[in-house]
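Read off the chains here:
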Amino acid sequence: MKALIPLAVYLFSMYIVTAQAAMPQSQILLASEVDDSIKVVSITSDDNYHNQPVVTKKGVYFTQGVTTKEQAQTDLFFYDFADKTSHNLTNTPVSEFSPTLYPDGDGLSSVVVEPDGKQKLWFYPFDKTQSAQRIFEHIEPVGYHAWGNKGDLVMFILGQPHTLQYADLTGHLPTKVAKDIGRTLAFNNKKQIYSFTYDKNGQHWFASFSANTQQVSDHFVMPEGVQDYTWLNESHVAYAIGNRIYMRDFENPKAISQWHNLSPYCDTHISRLSYHQGNLAFVCDKS
């Protein structure tokens, strides 16, 4: 039986999981582009916590709540496109969340709430003959992260305020890049930039960070209340307002268009998004 571990996933929507406090309910759906239309299917139920989807060629990685009458936590799951079923990948006595593909495709990196309550970054290899291991001993508390292509990454470090910090696998101390940041971090490989959002002068900006120049650039102000987004290609990002998805040209931010109306599939509002090769996974918040 799994131990009761507090889950400090309190980034901008604070909650702590205990035996008495249920996780917020959310559902992950998949919109697949078919000719000039889309086909939408549910890949999870809507009566549990399902969040943080990451779409790949073979399926969708995500975080799911695992609860009994006595305890509650989260594990990492994978929805397989081949058999259309979900599998628990971790099933451990600790909580994992924020699944992210590890460099070179060798496994997943994940934030783990360790038994002492500290949130640190771990590596879960796809090769089951290898054991999971902590990536950084000295960096915490980590909330979210995004990998570049040189063994480097940015991390959401919880604090007052939350900060964006840049590091690499050489073990150097991380560099603070920005503060008051949002929870969605990504890497644009073609442009060689990390993207994030942050509060500045009373507005929430979509911004980028170049590891080569160590410079932050502001691009456009996000719609009110929006902090989640996904890259569609090297120059376009998508985000949800309510239950509609909008597409925006990164290089010409005044060019905005409604991409998909997903109100028939989500009657509340959409938060997180992940897009890959014609497939869009999105989270429909239920509570």
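The coordinates are above.
Before going into details, it helps to say that this report is about the structure given with it. All values derive from a computational prediction rather than experimental measurement. (Residues numbered from 1 in each chain as written. Predicted model: local features only at pLDDT ≥ 70, side-chain atom pairs only at ≥ 80, totals over all residues. Heavy atoms only, no water.)

### Observations regarding the overall build of the chain
Within the chain, the secondary structure is distributed over zero helices and 24 strands. Rg of the C-alpha trace for the chain: 18 Å, near the compact-globule value of 19 Å for 287 residues, within the 12% margin. For the chain, the residues scored as buried account for 54% of the 287 residues in total. Summarising the internal contacts of the chain: among those between residues at least 6 apart in sequence, 39% fall at separations of at least 24. On the chain, the mean spot of the 22 positive side-chain charges and the mean spot of the 29 negative ones are 2 Å from each other. (Helix = DSSP H or I, 4+ residues; strand = E, 2+ residues; numbered from the N terminus. Rg over C-alpha atoms; globule rule 2.2 N^0.38 Å. Buried < 20%, exposed > 50% of the residue type's maximum accessible area, 1.4 Å probe, protein only. Contact = heavy atoms within 4.5 Å. Lys, Arg positive; Asp, Glu negative; His and termini not counted. Charge placed at Lys NZ, Arg CZ, Asp CG, Glu CD.)

### Some words on the sheet that holds strand 22 (residues 256-261)
The pairing of strands in a sheet happens through backbone hydrogen bonds and is either parallel or antiparallel. What the four strands build is an open sheet, ordered 19-20-21-22; its pairing is antiparallel. In this open sheet, the two strands that pair with only one neighbour each are strand 19 (230-231) and strand 22. Where strand 21 (residues 244-249) lies against strand 22, five bridges are found, and the strand directions are antiparallel. Its bridge partner being in strand 22, Arg244 is matched across the sheet by Asn261. (Pairing = 2+ DSSP bridges.)

### Overview of the nonpolar core
Inside soluble globular proteins, nonpolar side chains tend to come together where they are buried. By size, the foremost hydrophobic cluster in this structure holds 17 residues, and its most contacted members are Val154, Leu164, Ile181, Leu185, Phe196 and Phe209. Residue assignment for this core shows that the elements contributing at least two residues are strand 11 (142-147), strand 12 (152-157), strand 13 (163-168), strand 14 (175-179), strand 16 (193-200) and strand 17 (203-210). Counting 16 residues, the second-largest nonpolar core is a separate cluster that includes Ala31, Ala240, Ile245 and Leu280. (Core = buried A, V, L, I, M, F, W, Y, C linked by side-chain atoms within 4.5 Å.)

### Examining the pattern of salt bridges
Side-chain pairs of opposite charge can arise where the charged atoms are in close proximity. Within this structure, the stated rule accounts for six salt bridges. A salt bridge links Lys190 to Glu234, with the nearest nitrogen and oxygen atoms 3.8 Å apart. With Lys190 in the loop between strand 15 (186-188) and strand 16 and Glu234 in the loop between strand 19 and strand 20 (236-241), this residue pair connects regions lying 44 residues apart in the sequence. Taking the relative accessible area as the measure of exposure, Lys190 reaches 63% and is therefore exposed. Across the pair Glu251 and Lys191 runs a salt bridge whose closest N-O atoms are separated by 2.6 Å. (Salt bridge = Lys/Arg side-chain N within 4 Å of Asp/Glu carboxyl O.)

### Some words on the layout of surface pockets
Approximately 1,300 Å³ is the volume found for the largest pocket. In terms of lining residues, the largest pocket is bounded by 41 residues, among which Val54, Leu185, Ala186, Phe187 and Ser274 are the most central. Going through the elements one at a time, strand 3 (50-55), strand 7 (95-101), strand 11, strand 15, strand 19 and strand 23 (269-276) are the ones with two or more residues in the lining of the largest pocket. With five residues, the single largest contributor to the lining of the largest pocket is strand 23. Considering only residue class, the lining of the largest pocket consists of 18 nonpolar, 16 polar and seven charged. (1 Å grid on protein atoms, 1.4 Å probe; cavity = no way out; pocket = protein on both sides within 12 Å on 5 of 7 lines; lining within 4 Å. Points joined across faces, edges and corners; volume = space filled by probe spheres on them. Nonpolar A, V, L, I, M, F, W, Y, C, P; charged D, E, K, R; others polar.)

### As for the environment of Asp152
Checked against the element boundaries, Asp152 lands in strand 12. Overall, the relative accessible area of 6% leaves Asp152 in the buried class. When the C-alpha atoms of Asp152 and Pro174 are compared, they prove to be 10 Å apart, with 22 residues separating the residues in sequence. A polar contact is formed between the side chain of Asp152 and the backbone nitrogen of Lys150, at a distance of 3.3 Å. (Polar contact = N/O pair within 3.5 Å; in protein donor to acceptor, adjacent residues only side chain to side chain.)

### Quick notes on unusual backbone geometry
In this chain, Glu140 is followed by Pro141 through a cis amide linkage whose omega measures 0°. Between Gln160 and Pro161 the backbone carries a cis peptide bond, its omega angle lying at 5°. Tracing the backbone shows Pro161 in the loop between strand 12 and strand 13. For Gln214, which is not glycine, the phi torsion reads 60° and is therefore positive. One can find Gln214 in the loop between strand 17 and strand 18 (215-221). With relative accessibility at 39%, the residue Gln214 sits in the partly exposed group.

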